[in-house]
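Remarks on the overall topology
Here is how the chains run, residue by residue.
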Amino acid sequence: MMQTHNPQSAVILLKPQKRNSLEKCEYLNLPDLQFFQWCHLQYGLNKGVYNTIDQWFYGFGIEHIHYRRIYILKFLDFTKECGVVKDQQKFIRFGNGGLIRSLQRFIHSINQG
């Protein structure tokens, strides 16, 4: 079962200097389809994975869309740093159960930092 958290406490988990620069990111204010398309171009994210990530952060307690998008971008950067790469169809792949494990590792890494 997914644990929920207060959205304000979740935002504090991000390092302030990085969070502030992301909050000013012009892409955060795009309509949902355009934000997804930008993520697709930057990270090779397909719509199903994007929706799962978005839903997972919402269920985690990050209800404000602006903060959730910051978390999505930080998570996608985290996956790149961890070596998750695009496959031949240019989509990022996590494998069976890998996406949820990656999301949990991401949250754990934030809590440890």
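Structure report, in brief. The structure displayed is predicted, hence computed values, not measured ones. (Residues numbered from 1 in each chain as written. Predicted model: local features only at pLDDT ≥ 70, side-chain atom pairs only at ≥ 80, totals over all residues. Heavy atoms only, no water.)

1. Focus on the nonpolar core
Among the nonpolar cores identified, the biggest contains 29 residues, and Leu45, Ile53, Phe57, Phe75, Leu76 and Phe106 are the most heavily contacted of them. If you list the elements that add at least two residues to this core, you get helix 3 (32–43), helix 4 (47–60), helix 5 (65–81) and helix 6 (98–112). Setting aside chain neighbours within four positions, we find Phe106 in contact with Phe57, Tyr71, Lys74, Phe75 and Phe78. (Core = buried A, V, L, I, M, F, W, Y, C linked by side-chain atoms within 4.5 Å. Buried < 20%, exposed > 50% of the residue type's maximum accessible area, 1.4 Å probe, protein only. Helix = DSSP H or I, 4+ residues; strand = E, 2+ residues; numbered from the N terminus. Contact = heavy atoms within 4.5 Å.)

2. Brief notes about the packing of aromatic side chains
Applying the stated criterion to the full structure yields 13 aromatic pairs. Considering the side-chain rings of Tyr71 and Phe106, the 6.3 Å spacing of their centres and the 85° angle between planes classify their relative orientation as edge-to-face. Here Tyr71, found in helix 5, pairs with Phe106, found in helix 6; they are 35 residues apart in sequence, far enough to count as distant. Its relative accessible area of 1% is what places Tyr71 among the buried residues. According to the relative accessible area criterion, Phe106 is buried, its value standing at 4%. Ring centres of Phe75 and Phe94 lie 6.1 Å apart, and the angle between their planes is 20°; on these two criteria the pair is classed as stacked. Here Phe75 is found in helix 5, whereas its partner Phe94 is found in the loop between helix 5 and helix 6, with 19 residues between them in sequence. Overall, the relative accessible area of 0% leaves Phe75 in the buried class. The exposure class of Phe94 is buried, given its relative accessible area of 15%. Linked through ring pairs, Trp56, Phe57, Phe60, Tyr71, Phe75, Phe78, Phe94 and Phe106 together constitute an aromatic cluster. (Phe/Tyr/Trp six-rings, centres within 6.5 Å; stacked < 30°, edge-to-face > 60°.)

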